[in-house]
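Spelled out, the chains give:
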Amino acid sequence: MKRQQFDSFTLPYLLIAPQLAIIFIFFVWPAAQAIYQSFMLEDPFGLASQFVGFDNFVEVVSNEHYARSALFTAIFSGLVAFLSMAIALLLAVKADGILHGQAAYKIMLTWVYAVAPAVAGMMGVFLFDRSIGPLNHLFNATGWPFNPQLDVFDASVTVILVSVWKQISVNFIYFLAGLQSIPRAVREAALIDCRNGFRRFWTVTLPLLAPTGFFVLVINITYAFFETFGVIDTMTRGAPGGGTATLVYKVYQDGFLGADIGGSSAQSVILMILVLGLTIVQFRVLEKRIHY
């Protein structure tokens with residue numbers, strides 16, 4: 001293979017300069033500002049600041065509301081990732097087995113991908129409305145006194161269901177692509193060796209889907225941590241009593257609504273460290289169990 005050479009020494013750097021500028025302006029610079037402001041105490045208008053060291057971090061980790069948000073984030077992220085992946089995998093397996101009309105099923109199951117999180121949250125507002133919401137009426141008809149406006153558990157159910165529904169289509173696309181990449185010869189051999197479909201799925205299909213499943217797990221954790229902001233902001237705004245506020249939404253509440261720049265910056269730094277640690281665990285521990 002012939003190695004490509006540039007005539008000018010500066011040309012490669014000029015070609016990547018726009019991308020580097022975007023990374024610096026929108027990622028590196030905001031992250032550096034957040035780290036700097038996390039050690040400062042600033043007035044709401046940003047006219048004066050004072051260095052306070054780790055006082056912002058100590059106040060954050062000792063705050064009861066922040067601990068509750070951290071617990072809700074862990075439960076919320078785990079349920080959203082698990083349920084959206086499980087349902088999407090089931091739908092992908094069923095769609096992969098359809099011989100006729102497969103394209104129509106794919107379109108119906110993937111159209112939700114085009115729905116923005118804020119739009120999905122707005123749909124959830126109507127679905128769970130106490131006056132006209134069909135899902136609200138359905139839950140109450142079963143004897144469940146469903147009241148997401150006052151009950152934290154009920155409000156959590158609403159944001160989890162909408163967040164799961166929003167993410168199923170994305171997971172479905174990846175799982176279906178993974179299933180269709182399995183060689184036909186392997187499927188036929190597995191069909192001969194094991195007639196039980198459930199056992200064949202767990203012993204042959206699922207291990208072959210492990211690389212796809214690991215990738216989907218990573219993007220689902222990222223989605224549950226960050227991209228569900230629009231759903232929560234549209235549906236509950238962290239209510240009732242901050243019970244449905246994730247760590248990302250709490251940064252927004254304290255920083256933009258509460259004008260606590262130092263405290264919200266400390267929260268964002270803590271969240272960045274948590275996500276970095278979770279990513280390391282995923283790639284250092286879970287990836288070792290994946291066979292490509």
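The shown structure was predicted, so the numbers you read here are calculated from the model rather than taken from an experiment. (Residues numbered from 1 in each chain as written. Predicted model: local features only at pLDDT ≥ 70, side-chain atom pairs only at ≥ 80, totals over all residues. Heavy atoms only, no water.)

## Looking at the overall build of the protein chain
Okay, step 1: The secondary structure content of the protein chain amounts to 13 helices and two strands.
Okay, step 2: Dimensions of the protein chain, computed from the C-alpha atoms along their principal axes, are close to 75 × 75 × 30 Å.
Okay, step 3: Residue burial in the protein chain is summarised as follows: out of 292 residues, 37% are buried.
Okay, step 4: Here the contacts in the protein chain between residues at least 6 apart in sequence split such that 67% fall between residues at least 24 apart.
Okay, step 5: When the accessible area of the protein chain is evaluated, it comes to approximately 18,000 Å², of which 69% is carbon and sulfur surface.
Okay, step 6: Here the protein chain contributes 17 positively and 17 negatively charged side chains, and the mean placements of these two sets differ by 18 Å. (Helix = DSSP H or I, 4+ residues; strand = E, 2+ residues; numbered from the N terminus. Buried < 20%, exposed > 50% of the residue type's maximum accessible area, 1.4 Å probe, protein only. Contact = heavy atoms within 4.5 Å. Areas by Shrake-Rupley, 256 points an atom, 1.4 Å probe, with all protein chains shown as cover. Lys, Arg positive; Asp, Glu negative; His and termini not counted. Charge placed at Lys NZ, Arg CZ, Asp CG, Glu CD.)

## Let's talk about the packing of aromatic side chains
Each aromatic ring pair is characterised by the separation of its centres together with the angle its planes make.
Okay, step 1: Using the criterion set out here, one finds 19 aromatic pairs in the structure.
Okay, step 2: When the ring of Phe 225 is compared with that of Phe 226, the centres are 6.2 Å apart and the planes differ by 40°; the resulting orientation is tilted.
Okay, step 3: Judged by relative accessible area, Phe 225 falls into the buried class, the value being 13%.
Okay, step 4: Through successive ring pairs, a cluster of aromatic residues spans Phe 128, Phe 139, Trp 144, Phe 146 and Phe 153. (Phe/Tyr/Trp six-rings, centres within 6.5 Å; stacked < 30°, edge-to-face > 60°.)

## Topic: the pattern of salt bridges
Okay, step 1: All chains considered together, the criterion is met by three salt bridges.
Okay, step 2: As a salt-bridge pair, Asp 96 and Arg 187 come within 2.9 Å of each other at their nearest N and O atoms. With Asp 96 in helix α3 (residues 64–96) and Arg 187 in helix α8 (residues 184–193), this pair connects stretches of sequence that are 91 residues apart.
Okay, step 3: Between Lys 250 and Asp 254 there is a salt bridge; the shortest N-O distance is 2.9 Å. (Salt bridge = Lys/Arg side-chain N within 4 Å of Asp/Glu carboxyl O.)

## Quick look at unusual backbone geometry
Okay, step 1: The amide bond that connects Ala 239 to the next residue, Pro 240, takes the cis arrangement and shows omega of -5°.
Okay, step 2: Tracing the chain through its elements places Pro 240 in the loop between α11 (229–235) and α12 (247–257).
Okay, step 3: Phi is positive for Arg 237, close to 55°, though the residue is something other than glycine.
Okay, step 4: As for its position among the elements, Arg 237 is in the loop between α11 and α12.
Okay, step 5: Its identity as a non-glycine residue notwithstanding, Ala 259 has a phi of 55°, on the positive side.
Okay, step 6: Topologically, Ala 259 is positioned in the loop between α12 and α13 (261–286).

## Here's the deal with the side chain of Ser 77
Okay, step 1: Its location among the elements puts Ser 77 in helix α3.
Okay, step 2: In terms of polar contacts, Ser 77 uses its side chain to reach the backbone carbonyl oxygen of Thr 73, at 2.7 Å.
Okay, step 3: Beyond its immediate sequence surroundings of up to four residues, Ser 77 is in contact with Ala 224 and Phe 225. (Polar contact = N/O pair within 3.5 Å; in protein donor to acceptor, adjacent residues only side chain to side chain.)

## Observations concerning the confidence of the model for the protein chain
Regions with low pLDDT carry predicted coordinates that are not meant to be interpreted in detail.
Okay, step 1: Across the protein chain, the average pLDDT comes to 88, with 94% of residues at or above 70.
Okay, step 2: Mean pLDDT across the elements of the protein chain bottoms out in helix α4 (residues 102–110) (71) and peaks in α11 (95). (pLDDT = per-residue confidence, 0-100.)

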